[in-house]
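# Descriptive analysis of the structure
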Amino acid sequence: ENGNKAKIILSEKKIMAVILNNADPYFLTEEFQVLPIFSDTKLTDLPVIRNSIDNDQIKPLNFIRNSDVVDAFKIIDAAKETNMNIYKRISEIDLRKGSDIVLNLSGIKTPIVFGRGEEARKMIYLEIMWDGILEGNSLIQQSDYIDLRFANEVYVKETEITGLNE
């Protein structure tokens, strides 16, 4: 019998999102570990997190558990718990380097200024508006953004049309 043995332990990691370090994408696990994305990897419908305050820490096998990334995970979790259709449409969570978070949803041109904190409450407000967003509510379609930062209020910024009237 040969004494050259190797013990291999495999562990599955749950991927929560793709995180960008400048333009370089990496997977981010539920334990906040950064994993490389190999060239033949097929990307699924995962939210993309960008503009974290610690971009220099986004390197393969590092753990990045700063307040920015924790806030992004809270948004992802709140969306999953509130409405899977909203979760599946989250294409981008822009952390804006510690400033107010902006969400972009696939198929919807109007960005959502999500802000920070109270993720569950804000996600419920978004769900209340969801049918109107999907059905192309004219106020929402003609808006620059939807703002969920204020307590008990949703602000929809209407696009201002300027020009000469004849």
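Coordinates for the structure precede this section.
Notes on the structure follow. Every value quoted in this text rests on a predicted model; they were computed, and no experiment measured them.

## What to know about the pairing of strand 2 (residues 24–29)
Across six bridges, the pairing between strand 1 (residues 15–21) and strand 2 is antiparallel. For A17, the partnering residue across the bridge sits in strand 2 and is L28.

## A few points about the packing of aromatic side chains
With the rule as written, the count across this model stands at one aromatic pair. Centroid distance F32 to F73: 4.5 Å. Interplanar angle 15°. Geometry classified as stacked. Taken together, the positions of F32 in the loop between strand 2 and strand 3 (34–36) and F73 in helix 1 (residues 67–82) put the pair 41 residues apart, joining distant regions of the chain. Overall, the relative accessible area of 6% leaves F73 in the buried class.

## Considerations on the environment of N85
Secondary-structure assignment places N85 in helix 2 (residues 84–89). By relative accessible area, N85 is classed as partly exposed at 35%. Spatially, the C-alpha atoms of N85 and W130 are 9.4 Å apart, while their sequence positions differ by 45 residues. Leave out the neighbours within four places in its chain, and N85 touches W130 and L134.

## Quick look at the pattern of salt bridges
Going through the model one piece at a time under the given rule, you end up with seven salt bridges. Of the charged contacts, one joins D94 and R50 as a salt bridge, the two residues approaching to 3.0 Å between their closest N and O atoms. Linking D94 in strand 5 (residues 90–94) with R50 in strand 4 (residues 48–50), this pair joins segments that are 44 residues apart in sequence. Relative accessible area serves as the criterion here: at 9%, D94 is assigned to the buried category. Take R50: its relative accessible area is 29%, and that puts it in the partly exposed class. Linking R116 and D71 is a salt bridge whose minimum nitrogen-to-oxygen distance equals 2.9 Å. Taken as a pair, R116 in the loop between strand 7 (108–115) and helix 3 (119–134) and D71 in helix 1 lie far apart in primary sequence, 45 residues in all. The class of R116 is partly exposed, set by a relative accessible area of 26%. By relative accessible area, which is 14% here, D71 ends up buried. Overlapping salt bridges, with partners in common, bring together R50, E92 and D94 in one network.

Cut-off values and rules
- Residues numbered from 1 in each chain as written.
- Predicted model: local features only at pLDDT ≥ 70, side-chain atom pairs only at ≥ 80, totals over all residues.
- Heavy atoms only, no water.
- Pairing = 2+ DSSP bridges.
- Helix = DSSP H or I, 4+ residues; strand = E, 2+ residues; numbered from the N terminus.
- Phe/Tyr/Trp six-rings, centres within 6.5 Å; stacked < 30°, edge-to-face > 60°.
- Buried < 20%, exposed > 50% of the residue type's maximum accessible area, 1.4 Å probe, protein only.
- Contact = heavy atoms within 4.5 Å.
- Salt bridge = Lys/Arg side-chain N within 4 Å of Asp/Glu carboxyl O.

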